[in-house]
Amino acid sequence: MSAATLTALQEAAPRLIDHPQLAGRRLGELGEIVETTRVFAREKIRPRALKIDSIAEHDPGYFDWELVSAGAKLGLLNLVIPRSSGGDSVQMCLRSSLVIEEIAAGCGGMATLFGAHALGITPLLVGGPAYWEGVLREVAQSKDDPRPTVMACAITEPTAGTDVEHHQLVRSAQLVCHADKVKGGYSLNGVKHFISNGNVAGWVTVVMPTDPKRAYETTLGFLVDTSAEGFAVTKVEHKMGQRGSPAAELTFDNVFVPDEHVIGKPGDGTPAIAGVLAGSRPVVGGIGTGIARGAYERLLEWLTNDSAAGDLLEQQQVQLALAQMFEAIHVSRQAYIDAATAFDRVSMGKLFGHNLLRLYSRVPHQVRGLGMTRKQLRGDLGRKQMFTLIQNEIGDAGLSRSLGLSSMSKARGGDTAVWVTGLALEIAGLDCGPLRAELEKCYRDAKLCQIYEGTNQLNRLEAYDALVAGHSMQVIDDVMAGFNKEKAR
Ligand SMILES: Cc1cc2nc3c(=O)[nH]c(=O)nc-3n(C[C@H](O)[C@H](O)[C@H](O)COP(=O)(O)OP(=O)(O)OC[C@H]3O[C@@H](n4cnc5c(N)ncnc54)[C@H](O)[C@@H]3O)c2cc1C
């Protein structure tokens with residue numbers, strides 16, 4: 001990594017150097033992958049972005065396997081997979097957010113594609129060590145394949161979106177999907193929609209309750225093989241922006257999921273979703289920041305190098321606008337860095353780095369991958385130990401604060417993207433040649449950042465609860481209370 005990149009990273013993210021754990025080697029490692037991705041985004045993604053956008057306008061299921069496999073070779077599909085499972089992850093949330101910002105500066109759709117893959121993996125990480133072998137290792141090992149294994153995560157249903165992503169609103173959500181216990185596993189039924197990567201994923205992590213009327217108490221996770229009988233992609237959406245990342249409707253018609261791919265027990269899904277969103281929303285903050293930066297950089301290049309821009313750069317109102325754009329991008333980046341660092345240092349990331357689990361990761365992976373070992377970890381004792389660790393190390397207060405910061409960074413990133421891209425379009429005007437199409441795409445790409453991973457309204461309500469009112473969720477305590485009830489029986 002060049003000294004210039006390290007300095008740029010430190011300047012762009014001054015708070016990183018306040019964290020002693022990140023000083024030196026760790027920051028150097030982060031800088032390397034950020035720089036590699038920046039070059040990849042500049043040389044490979046950006047030149048192809050408009051082409052992908054126009055192909056996918058007519059063929060919404062289009063997936064650029066060539067770019068994805070080139071990115072996979074650089075480790076972009078392994079960003080959140082722990083090293084002990086064959087991936088590259090250290091500082092998983094911070095690393096993936098910074099890297100995804102770089103991809104988004106090249107193309108918002110490609111950023112969502114890689115981000116949605118990471119989102120598909122996160123329920124397995126949050127589920128605990130029982131899920132850190134098997135499919136996770138298979139995904140990590142596919143990085144050099146011409147068609148690496150891509151993941152997706154399915155939470156949203158046609159009748160339930162905002163509410164399924166909130167631990168209280170979910171109690172009154174109009175859910176239809178349901179999972180029924182059958183011999184050796186569960187049978188899944190229902191429809192999930194707007195699922196990014198859903199039409200190309202090899203595996204989808206799916207969240208469903210056993211009783212849709214009692215979703216808070218009965219939700220759990222499933223790892224679904226998309227070649228399973230009864231699984232079908234029934235629609236792919238025509239998107240306004242971020243077309244490089246397809247969004248699909250998935251239908252489950254008695255899809256059997258064997259016990260080894262069931263994540264947790266009924267009720268575990270509620271804290272798990274909070275843990276997943278605490279880690280995935282800073283990444284969306286990174287996407288918003290990156291889309292805004294992409295528009296700002298394109299505009300500045302044009303103002304500086306193109307004679308058609310005339311003396312615009314000399315005008316004070318343009319200078320003021322550029323300074324405001326820079327400021328908004330900077331603040332948005334700081335917000336997601338804070339949220340990502342909180343995730344890695346004080347909430348779920350603390351679990352991944354816990355001494356007990358580090359010790360466990362030294363056990364040869366052949367032993368960790370044995371069916372018997374994984375069954376024990378999934379069993380009642382293993383599960384109880386996991387939740388006890390989570391309660392002692394993180395607790396509801398830690399998880400709530402992490403989710404609050406994460407929601408704030410997501411909303412900030414989305415608004416920054418829409419505002420900066422709109423302003424860039426205004427400054428460039430109509431007569432800016434090929435820049436016009438690039439900026440229009442940035443503007444269309446930006447809007448989604450205010451919608452997915454929970455709308456900005458929902459995210460701000462989450463931030464109000466955790467950061468303004470100082471409320472704490474009771475999701476971990478509720479699972480622990482369940483253990484105590486079982487013991488008393
Ligand atoms: C392109 C795309 C990709 C996506 N990818 C995925 C994916 O990979 N996986 C996945 O599971 N989901 C995905 N989603 C779904 C996304 O997370 C939901 O669209 C989002 O959570 C909003 O839900 P909804 O669309 O049902 O809107 P609704 O919940 O119907 O919201 C409609 C409006 O009402 C407002 N609103 C609703 N409830 C409240 C409330 N209580 N208080 C205040 N305002 C409220 C909302 O803010 C919004 O403005 C994707 C969506 C899109 C568009």
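The structure under discussion appears in the preceding block.
Residues numbered from 1 in each chain as written. Predicted model: local features only at pLDDT ≥ 70, side-chain atom pairs only at ≥ 80, totals over all residues. Heavy atoms only, no water.

Asker: How should the overall build of the protein chain be read in this particular structure?
Answerer: Counting secondary structure elements, the protein chain contains 18 helices and 8 strands. Taking 2.2 N^0.38 as the reference for a compact globule, 489 residues should give roughly 23 Å; the C-alpha atoms of the protein chain span a radius of gyration of 22 Å, in line with that estimate. Here the C-alpha coordinates of the protein chain stretch approximately 80 × 50 × 45 Å along the principal axes. Within the span of the protein chain, comprising 489 residues, buried residues form 58% of the whole. (Helix = DSSP H or I, 4+ residues; strand = E, 2+ residues; numbered from the N terminus. Rg over C-alpha atoms; globule rule 2.2 N^0.38 Å. Buried < 20%, exposed > 50% of the residue type's maximum accessible area, 1.4 Å probe, protein only.)

Asker: I tried to follow the pairing of strand β3 (residues 185–196) on my own but got confused; where do I start?
Answerer: Side-chain positions along a regular strand alternate between the two faces of the sheet. The element β3 is extensively covered by neighbouring structure, given that 10 of its 12 residues are classed as buried. Here 5 bridges tie strand β2 (residues 178–182) to β3, and the two strands are oriented antiparallel to one another. Across the sheet, Ala-179 pairs through a bridge with Leu-188, a residue of β3. Between β2 and β3, which pair antiparallel one after the other, the connecting turn spans 2 residues, and Gly-184 there sits at a positive phi close to 80 degrees. (Pairing = 2+ DSSP bridges.)

Asker: What is the right way to read the nonpolar core from this model?
Answerer: Across soluble globular proteins, you tend to see nonpolar side chains buried next to one another. Among the nonpolar cores identified, the biggest contains 115 residues, and Ile-103, Met-110, Leu-299, Trp-302, Met-325 and Leu-399 are the most heavily contacted of them. Broken down by element, the residue count for this core peaks at 15 residues, all from helix α8 (residues 269–305). Discounting chain neighbours no more than four positions away, the residues touching Leu-299 are Leu-322, Met-325, Ala-424, Ile-427, Ala-428 and Leu-435. One finds Cys-177, Ala-179, Leu-188 and Val-204 within the second-largest nonpolar core, a separate group that totals 21 residues. (Core = buried A, V, L, I, M, F, W, Y, C linked by side-chain atoms within 4.5 Å. Contact = heavy atoms within 4.5 Å.)

Asker: Looking at this structure, I do not really get the site of the ligand. What am I missing?
Answerer: Lining the immediate surroundings of the ligand are 20 residues, of which Ile-155, Thr-156, Thr-162, Phe-194 and Thr-455 lie closest. Taking Ile-155, its main chain carries an N or O atom lying 2.8 Å from an oxygen atom of the ligand. A distance of 3.1 Å separates an oxygen atom of the ligand from a polar side-chain atom of Gln-457. With the chains in place, 68% of the 980 Å² that the ligand exposes on its own is no longer accessible. Contributions of two or more residues to the shell around the ligand are made by β1 (151–154), β3 and α17 (456–468). Sort the elements by how many residues they give to the shell around the ligand and β3 lands first, with 3 residues. Here the residues of the shell around the ligand are counted per class, giving 10 nonpolar, 7 polar and 3 charged. (Near = heavy atom within 4 Å. Polar contact = N/O pair within 3.5 Å; in protein donor to acceptor, adjacent residues only side chain to side chain. Areas by Shrake-Rupley, 256 points an atom, 1.4 Å probe, with all protein chains shown as cover. Nonpolar A, V, L, I, M, F, W, Y, C, P; charged D, E, K, R; others polar.)

Asker: Honestly, the side chain of Asp-64 in this entry has me stumped. Any pointers?
Answerer: Positionally, Asp-64 belongs in the loop between α2 (25–58) and α3 (65–73). A distance of 2.6 Å separates the side chain of Asp-64 from the side chain of Arg-48, its partner in a polar contact.

Asker: Whenever I open this one, helix α16 (residues 435–448) confuses me. Can you help?
Answerer: Residues spaced three or four apart along an α-helix point in a common direction, a consequence of the helix completing one turn every 3.6 residues. Among the residues of α16, those classed as buried are Leu-435, Leu-439, Lys-441, Cys-442, Asp-445 and Ala-446. On an axial view of α16, the arc spanned by its buried residues comes to 155 degrees, and they lie on one face. (Arc of directions from axis to C-beta.)

Asker: For this particular structure, what's the right way to read the sheet that holds strand β6 (residues 231–236)?
Answerer: Within a sheet, each strand pairs with its neighbour through backbone hydrogen bonds, oriented either parallel or antiparallel. Across the sheet, which stays open at both edges, the 4 strands sit in the order β2-β3-β7-β6 with antiparallel pairing between neighbours. The open sheet has two free edges, formed respectively by β2 and β6, since each of these has just one partner strand. In this sheet, neighbouring strand axes are inclined to one another by 15 degrees on average, regardless of whether the strands run parallel or antiparallel. (Axes fitted to C-alpha atoms, helices over the stretch in contact; angles between N-to-C directions.)

Asker: Can you walk me through the environment of Gly-87 in this structure?
Answerer: By the secondary structure assignment, Gly-87 is in the loop between α3 and α4 (92–106). Taking C-alpha positions, Gly-87 is 5.4 Å from Ala-140, a pair spaced 53 residues apart along the chain. Beyond its immediate stretch of four places on either side in the chain, Gly-87 contacts Asn-78, Ile-81, Pro-82 and Ala-140.

Asker: Mind showing me how you'd approach the packing of aromatic side chains here?
Answerer: Working definition: an aromatic ring pair is given by the centre-to-centre distance plus the angle between the planes. A complete count under the given rule lists 5 aromatic pairs for this structure. For the ring pair Phe-231 and Phe-252, a centre distance of 5.5 Å and an interplane angle of 80 degrees mean the geometry is edge-to-face. Here Phe-231 is found in strand β6, whereas its partner Phe-252 is found in strand β7 (residues 247–258), with 21 residues between them in sequence. An identical accessibility class is assigned to Phe-231 and Phe-252; each is buried. The ring of Tyr-216 is capped by Arg-171, whose NZ or CZ atom sits 3.8 Å from the centre of that ring. (Phe/Tyr/Trp six-rings, centres within 6.5 Å; stacked < 30°, edge-to-face > 60°. Lys NZ or Arg CZ within 6 Å of the ring centre and 35° of its normal.)

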